[in-house]
Amino acid sequence: IDFDLILENIKDLNSLVGEGISQIEHTPRGARLRRPEPLPLTLYQNGIVVGHGAFRPYQHPATQQCLQDILDGYFPSELQPRYPDGV
């Protein structure tokens, strides 16, 4: 697993979704600026943890698909329904 490429692609994906840029959140009394909550991805020698989820070994097909999406330069497909604008 090419961890350097994964980290580089994650940085690129983060910049595409506007990492660190505040968004306008409409409230009943007007609006306010809000920074989107990041979704942590922890890489281990033998697997990953996405968000506050369970440990997922690299051999698991869903983990392989997630990492392949990142390596291909795409937002992980498993996260797209939950985060349609990226995270």
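Heads up: the structure comes first, above all this text.
A brief look at the structure comes next. (Residues numbered from 1 in each chain as written. Predicted model: local features only at pLDDT ≥ 70, side-chain atom pairs only at ≥ 80, totals over all residues. Heavy atoms only, no water.)

A word on the overall build of the protein chain
Across its full length, the protein chain holds two helices and five strands. For the protein chain, the N- to C-terminal ordering of α and β elements is α-β-β-β-β-β-α. Once the C-alpha set of the protein chain is aligned to its principal axes, its extents read approximately 50 × 25 × 20 Å. Put simply, the protein chain has 87 residues, and 24% of those count as buried. (Helix = DSSP H or I, 4+ residues; strand = E, 2+ residues; numbered from the N terminus. Buried < 20%, exposed > 50% of the residue type's maximum accessible area, 1.4 Å probe, protein only.)

Focus on the pattern of salt bridges
With the rule as written, the count across this model stands at three salt bridges. Taking the shortest distance from any N to any O, the salt bridge between Arg-32 and Glu-25 comes out at 3.2 Å. Residue Arg-34 is joined to Glu-25 by a salt bridge in which the shortest nitrogen-to-oxygen separation is 3.4 Å. A relative accessible area of 24% places Glu-25 in the partly exposed class. Here the salt bridges share partners, and the residues they tie into one network are Glu-25, Arg-32 and Arg-34. (Salt bridge = Lys/Arg side-chain N within 4 Å of Asp/Glu carboxyl O.)

Description of the pairing of strand β2 (residues 30-34)
Buried residues are scarce in β2, accounting for zero of its five residues. In this structure, strand β1 (residues 23-27) lies alongside β2, joined through five bridges in antiparallel fashion. Of the residues in β2, the one forming a bridge with Gln-23 is Arg-34. Here β1 folds back onto β2 in antiparallel fashion, the turn holding two residues. (Pairing = 2+ DSSP bridges.)

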